[in-house]
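Each chain, written out:
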Amino acid sequence: MAIIKLHFSAALLVLLLSCPLWQVSQSVPVMSKALMTDSCVLNAHKLLQDITTTLTQLDLFEGIICSEQRVEMNTKTNTASVCAPAESTCSGIVESEFDEGLCLTNITEDLHHYYNLLSTEPDPSGALSKTVLSSLRELMENCFMSPPEEGASNRESTDPFKERLSLCKVLKGFHVRAITINRAISYINSGVHTK
Ligand SMILES: *[C@@H]1O[C@H](CO)[C@@H](O)[C@H](O)[C@H]1NC(C)=O
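The structure presented is a predicted model; accordingly, all values stated were derived computationally and were not measured.

Draft legend 1. A look at the packing of aromatic side chains. Summed over all chains, the structure comprises two aromatic pairs. On the basis of an interplanar angle of 80° and a centroid distance of 4.8 Å, the ring pair of F98 and Y187 is categorised as edge-to-face. Taken as a pair, F98 in the loop between α4 (79-82) and α5 (100-119) and Y187 in helix α8 (residues 160-190) lie far apart in primary sequence, 89 residues in all. Exposure class is identical for F98 and Y187. Each is buried. Ring geometry for Y114 versus F174: centroids 4.2 Å apart, planes at 10°, classification stacked. Remark: F174 occurs in helix α8 and Y114 occurs in helix α5; sequence separation between them is 60 residues. Here Y114 matches F174 in class, with each residue buried.

Next comes the structure, spelled out in structure tokens:
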């Protein structure tokens, strides 16, 4: 009897020990989950903060009330819808699946779009390159393995008022997009969608 008991508890022990392992191997994160590390969450947050701060710099928008301007979005991507968490009911549509790959490629395209736009803006005081552009570049390099193409350089200013107006609208659009990107990166980092 004692021997049976011993066998039984040994078997139970094996089961208990192997069970957590089995669970771990079942939920091995997909590759891109590993990419969206905690430092990517922080990196994306820093980018959002830099955009917010830049939008409040009055000297960049002299003669313009930026808060009253229209938001100009990048219309070439579908980041907001494709990165919506599974089961969300935003705009009444029930997304049953979250396609991490599509979400990440749409974000990558956004990041390049804004990098190209902002890196060619006149930036005499370096206000953009020291903040938004540097945190954007870091996010692209560290978390998307997709550094910006070299070669783009700041234009000479030709029509300062028009350029300030355009910068305002573009930055407002990037601000909205950066909020979506922050949410998506946190969502992927949490691993909820792989469970
Ligand atoms: C963005 O998402 C859409 C789906 O809404 C997809 O068709 C498109 O290929 C994606 N773009 C990129 C660059 O992956």
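Draft legend 2. Here's a closer look at the state of the cysteines. Under the criterion given, the structure shown has three disulfides. Across the disulfide, C66 is cross-linked to C168 (sulfur-sulfur distance 2.2 Å). Across the S-S bond of C66 and C168 the torsion is about 105°, and the bridge reads as right-handed. Linking C66 in the loop between α3 (38-55) and α4 with C168 in helix α8, this pair joins segments that are 102 residues apart in sequence. A single burial state applies to C66 and to C168, both of which are buried. Disulfides within the protein chain link the bonded cysteines, taken in sequence order, as 1-5, 2-6, 3-4.

Definitions and cut-offs
Residues numbered from 1 in each chain as written. Predicted model: local features only at pLDDT ≥ 70, side-chain atom pairs only at ≥ 80, totals over all residues. Heavy atoms only, no water. Phe/Tyr/Trp six-rings, centres within 6.5 Å; stacked < 30°, edge-to-face > 60°. Helix = DSSP H or I, 4+ residues; strand = E, 2+ residues; numbered from the N terminus. Buried < 20%, exposed > 50% of the residue type's maximum accessible area, 1.4 Å probe, protein only. Disulfide = S-S within 2.5 Å.

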